[in-house]
Amino acid sequence: MEPAAGGFLEEQFREACSELHQPALAGADWQLLVETLGISIYRLLDQQTGLYEYKVFGVLEDCPPALLADVYMDLDYRKQWDQYVKELYEKECNGEKVVYWEVKYPFPMSNRDYVYLRQWQEVEVEGQKVHVILAQSTSVPQFAEKPGVIRVKQYKQSLAIKSDGKKGSKVFMYYFDNPGGQIPSWLINWAAKNGVPNFLKDMAKACHSYLKKT
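Note that residues are indexed from 1 along each chain, following the sequence as it is written. A pLDDT threshold of at least 70 governs which residues receive local features in this predicted model, and a stricter bar of 80 or more applies before side-chain atom pairs are shown or counted, although totals over entire chains, interfaces and linings include all residues. As a rule here, side-chain values come from all non-hydrogen atoms in the structure, and water together with hydrogens is ignored.

Notes on the overall build of the protein
- A tally of helices and strands in the protein yields four helices and ten strands.
- When its helices and strands are written in sequence order, the protein yields α-β-β-β-α-α-β-β-β-β-β-β-β-α.
- For 214 residues, the compact-globule estimate of 2.2 N^0.38 gives 17 Å, and the C-alpha radius of gyration of the protein, at 17 Å, lies within 12% of that figure.
- Each of the three principal axes of the protein carries a C-alpha extent, and together these read 50 × 40 × 40 Å. Helix and strand assignments follow DSSP, with helices taken as H or I runs no shorter than four residues and strands as E runs no shorter than two, numbered in order from the N terminus. For the radius of gyration, the atoms used are the C-alpha atoms, and the globule rule reads 2.2 Å times the number of residues raised to 0.38.

Shown next as C-alpha cells:
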C-alpha cells in the first residue's frame, strides 16, 4: 500500500473514517471508561506497556467540522486556549514538517515533550466529507532531548470529524502515549478520564472564540 505524504498510509485515514460510521469495539476487550458531556471514552489495555489505548466518540455542538479541524491544526492558537502547553511549534526537518510540543506537568513531576509528524486529509465517504488528522511520534536530530524534560517516544493519535447533520461535529479520536518516568497508573487513567472531556470542551470553546478572532 502506498504511503501518503508524511509517512502515513492511506488505509490509516480510511480506518479513522470507518470508526465514525461503525465503531470498532468488538473482538477486543474495549471497556467503557466514562460517559460525560456527550462524550464516550473506551479503553483497551496494551499488554506490552501496561498502559491503555483510548477511543473517544462524541458530538461537539455548534462546532462545524472544517472549523474544528482548523482550530486543532492551528498550533499558535492552541497556545492561547490550552493551559498545559509550555512550548509548541512546527519545523521542517529533512523535507517533512515536524511538531515539537512540551506539556506542563504538575509539581513534582517533570514536564513531558513530544516530537511528532502529523497530516490532515479530507476524505469523502458516501458523499460526506470527513476531516482526518493523524499524528505519530518520530525522532529527528534537530530536536535533542532537554535536561529535566522527559521525551515521550510512543505517541499516536487519530482524529476524524464529520458533520452531525446539524451545526456541530461528530468526532472520533484514538489516543495512546507512554509518558515514561514514575507516574502511577491510577494518575494516568484519571488524566485520561477527566482530561479528554475537558480538552474537547476547551476546544469547543476555542472554536467559538476562533470565529471572533478571524
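Digging into the pairing of strand β10 (residues 169-177)
- For β10, a buried count of seven out of nine residues is recorded, marking the element as mostly surrounded by other parts of the structure.
- For two strands to be treated as a pair, DSSP must find no fewer than two bridges joining them. Bridge count for strand β3 (residues 52-60) against β10 is seven bridges, and the pairing is antiparallel. Bridge pairing links valine 56 to methionine 173 in β10.
- Examined bridge by bridge, strand β9 (residues 155-163) and β10 share nine bridges and lie antiparallel to one another. Among the inter-strand pairings, lysine 162 is bridged to a residue of β10, identified as lysine 170.
- Joining the antiparallel neighbours β9 and β10 is a turn of five residues, in which glycine 165 adopts a positive phi near 90°. Here the term buried applies to any residue with accessible area under 20% of the maximum for its type, exposed to any over 50%, and partly exposed to those in between, with areas from a 1.4 Å probe on protein chains only.

Some points on helix α1 (residues 10-21)
- For α1, spanning twelve residues, the distance from its first C-alpha to its last is 18 Å, which sits close to the expected 16 Å at 1.5 Å a residue.
- Here α1 has its buried residues at Gln12, Phe13, Ala16, Cys17, Glu19 and Leu20. Take α1 and look down its axis: the buried residues cluster within an arc of 150°, on one side only.
- The secondary structure elements touched by the buried residues of α1 are β3, β6 (112-125), β7 (128-137), β9 and β10. Helix span, expected: 1.5 Å multiplied by one less than the number of residues in the helix. Directions are taken from the helix axis to each C-beta atom, and the arc is the one they span. Throughout, a residue-residue contact means that at least one pair of heavy atoms, one from each residue, lies within 4.5 Å.

A short note on the pattern of salt bridges
- We define a salt bridge as a side-chain nitrogen of Lys or Arg found within 4 Å of a carboxyl oxygen belonging to Asp or Glu. All chains considered together, the criterion is met by nine salt bridges.
- Lysine 79 is paired through a salt bridge with aspartate 76; the nearest N and O atoms lie 3.3 Å apart. In this pair, lysine 79 and aspartate 76 are both assigned in helix α3 (residues 75-81), three residues apart and thus about one turn of the helix distant.
- Judged by its relative accessible area of 40%, lysine 79 falls in the partly exposed class.
- Note on aspartate 76: relative accessible area 54%, which makes it exposed.
- In this structure, aspartate 113 and arginine 151 form a salt bridge, with 2.7 Å as the shortest nitrogen-oxygen distance. Taken together, the positions of aspartate 113 in strand β6 and arginine 151 in strand β8 (residues 150-151) put the pair 38 residues apart, joining distant regions of the chain.
- Among the residues examined, arginine 151 registers a relative accessible area of 13% and is labelled buried.
- In this structure, a network of salt bridges that share partners links the residues Glu87, Glu102 and Lys146.

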